[in-house]
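Listed below are the residues making up each chain.
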Amino acid sequence: MTETSCRRILLKISGEALMGQGDFGIDPQVIRRVATDIKDLTELGVQVGLVIGGGNIFRGEGLAKSGIERATGDHIGMLATVMNALAMQDALTKIGVKAHTMSAIRMEPVCELFERRRAAELLQAGEVVIFSGGTGNPFFTTDSAASLRAIEIDADLLIKATKVDGVYSADPVKDPDAVFYPQLSYDRALAEGLKVMDATAIVLCRDNGMPLRVMNINEKGALVRLMQGEEIGSLVESGD
């Protein structure tokens, strides 16, 4: 075990990141690679909480556009996050990592109901805790759930792992002139409408002093290097 920059983190992974090159679902190779990266973190002594979106299966907002009531669509999306959480739990268990899934919605035959103190005890014991079911309420994204859980478990850092290597002034895929921001404030992210997290999630982080790191989940070993002090991705925190 080596010295790391964080004692405890909350890692937010989009459901789409698990698709690999597919159009939906979970790519087994991708989930195994992500699980291996998480294992490397635990071997450094970092306590890991995890939130996975459900966009690779269903997106509540997208279902609403198709005519399904928004609240119903969001509940379907919450169930999709539970499916992803169970898949990640299985992948972690198979490589020797103790993992525990908790849900914001009651489904005890499948996984345990979220309880803050219980989650903290599991993290302290070295288990990876996967938080599913969003916040348990419609109209809130998994970004908001990740911010909320990071604050509740007293994480040192919230990491949003995406398909891009940080925060840009515009979509770097569509705009070759997009400017990369290695560091910026919550207020600037809100004022400029930057696609960091949704506004509710950013305000939660800002008002509770939770630093946010945005980085590329597809860069192997990047999480470990970040915990060892390397500047990777973009840091969003208080200040100018």
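A brief report on the enclosed structure follows.

Parameters at a glance
- The residue numbers shown here count from 1 along each chain, following its written sequence.
- Predicted model: local features are reported for residues with pLDDT of at least 70 only, side-chain atom pairs are reported and counted for 80 or more only, and whole-chain, interface and lining totals are derived from all residues.
- The side-chain values count all of the structure's non-hydrogen atoms but skip hydrogen atoms and water molecules.
- The helix count covers DSSP runs of H or I at least four residues long, the strand count covers runs of E at least two residues long, and both are numbered beginning at the N terminus.
- A simple rule labels every residue: compare its accessible area, found with a 1.4 Å probe on the protein chains alone, to the largest value its type can have, and call it buried under 20%, exposed over 50%, or partly exposed in between.
- By definition in these notes, contact holds between two residues if any of their heavy atoms fall within 4.5 Å.
- Lys and Arg are tallied as positive, Asp and Glu as negative. Neither His nor the chain termini are counted.
- A charged residue contributes its charge at one atom only: NZ of Lys, CZ of Arg, CG of Asp or CD of Glu.
- When a carboxyl oxygen of Asp or Glu is within 4 Å of a side-chain nitrogen of Lys or Arg, the pair counts as a salt bridge.
- Fitted lines through C-alpha atoms give the axes, limited to the stretch in contact for helices. The angle between two N-to-C directions lies from 0 to 180 degrees.
- For classification purposes, an angle smaller than 35 degrees is called roughly parallel, one larger than 145 roughly antiparallel, one from 65 to 115 roughly perpendicular, and anything else oblique.
- Should the near helix be turned anticlockwise from the far one by less than a right angle, the crossing is left-handed, and should it be turned clockwise, the crossing is right-handed.
- Under the scheme applied here, ten amino acids are nonpolar (Ala, Val, Leu, Ile, Met, Phe, Trp, Tyr, Cys and Pro), four are charged (Asp, Glu, Lys and Arg), and all others, including Gly, are polar.
- Only Phe, Tyr and Trp rings take part, Trp by its six-membered ring, and two of them pair if their centres are within 6.5 Å. Stacked means planes under 30 degrees apart, edge-to-face means over 60, and tilted covers everything else.
- Remark: a charge is flagged as sitting over a ring if the NZ atom of Lys or the CZ atom of Arg is within 6 Å of the ring centre and within 35 degrees of the ring normal.
- Paired strands are those between which DSSP finds at least two bridges.
- We call a crossover right-handed when, viewed with the strands running away from us, the connection from the first strand over the helix to the second turns clockwise.
- Among buried residues, the Ala, Val, Leu, Ile, Met, Phe, Trp, Tyr and Cys ones that are joined through side-chain atoms within 4.5 Å form a nonpolar core.

Before going further, it helps to spend a moment on the overall build of the chain. Counting secondary structure elements, the chain contains eight helices and 11 strands. In terms of overall dimensions, the chain has a C-alpha envelope of 50 × 50 × 35 Å along the principal axes. Every one of the 240 residues in the chain was classed for burial, and the buried ones make up 50%. Put simply, of all contacts in the chain between residues at least 6 apart along the chain, 71% involve residues at least 24 apart. Taking the average location of the 25 positive side-chain charges in the chain and that of its 33 negative ones, the two points are 4 Å from each other.

A few words on the pattern of salt bridges. With the rule as written, the count across this model stands at 16 salt bridges. Where Arg 7 meets Asp 154, a salt bridge forms, and the shortest distance between an N and an O atom there is 3.6 Å. Of this pair, Arg 7 sits in the segment before strand E1 (8-13) while Asp 154 sits in the loop between helix H5 (142-152) and strand E6 (157-162), placing them 147 residues apart in sequence. Several salt bridges share partner residues, and in doing so they unite Arg 7, Asp 154 and Asp 156 into one network.

Axes are the key here: two packed helices are described by the angle between their axes and the distance separating the axes. Close contact between H5 and helix H7 (residues 199-207) brings their axes to 7 Å; oriented N to C, the two are set at 15 degrees. The angle between the axes of H5 and H7 places the two elements in the roughly parallel class. In this structure, H5 crosses over H7, and the sense of that crossing is left-handed. For the pair H5 and H7, contact is made by Asp 143, Ser 144, Ser 147, Leu 148 and Ile 151 and by Thr 200, Ala 201, Leu 204 and Cys 205, respectively. Looking at the contact of H5 with H7 residue by residue, the classes come out as five nonpolar, three polar and one charged.

In this section: the packing of aromatic side chains. Evaluation of the coordinates by the stated rule reveals two aromatic pairs. With a centroid separation of 5.6 Å and an interplanar angle of 80 degrees, the aromatic rings of Phe 114 and Phe 131 are classed as edge-to-face. Linking Phe 114 in the loop between strand E4 (112-113) and helix H4 (116-124) with Phe 131 in strand E5 (residues 128-132), this pair joins segments that are 17 residues apart in sequence. Take Phe 131: its relative accessible area is 3%, and that puts it in the buried class. Directly above the aromatic system of Phe 114 lies the positively charged group of Arg 149, at a separation of 3.8 Å from the ring centroid.

So, about the pairing of strand E2 (residues 47-52). With six of its six residues buried, E2 lies for the most part within the structure. Both faces of E2 are covered, namely the face carrying Gln 47, Gly 49 and Val 51 and the face carrying Val 48, Leu 50 and Ile 52. By the bridge criterion, six bridges tie E1 to E2 in an arrangement that is parallel. Bridge pairing in E2 places Ile 13 opposite Ile 52. Of the crossover connections in this fold, the one passing from E1 over helix H1 (residues 28-43) to the parallel E2 is right-handed. For E2 and E5, the ladder comprises three bridges, and the chain directions are parallel. Looking across to E5, one finds that Val 51 is bridged to Phe 131.

By the element assignment, His 75 lies in helix H3 (residues 70-94). As a C-alpha pair, His 75 and Ile 52 span 23 residues in sequence and 15 Å in three-dimensional space.

Quick look at the nonpolar core now. Grouped together as the largest cluster of nonpolar side chains are 36 residues, with contacts concentrated most on Ile 9, Ile 38, Met 88, Leu 92, Ile 159 and Met 227. Looking at this core, the elements with two or more residues in it are E1, H1, E2, H3, E5, E6 and helix H8 (222-227). Counting residues per element, this core draws most heavily on H1, which supplies six residues. Among residues more than four places away in sequence, those in contact with Met 227 are Thr 4, Ser 5, Cys 6, Ile 9, Leu 41, Leu 44, Val 46, Leu 157 and Ile 159.

Read these as geometric descriptors, not functional statements.
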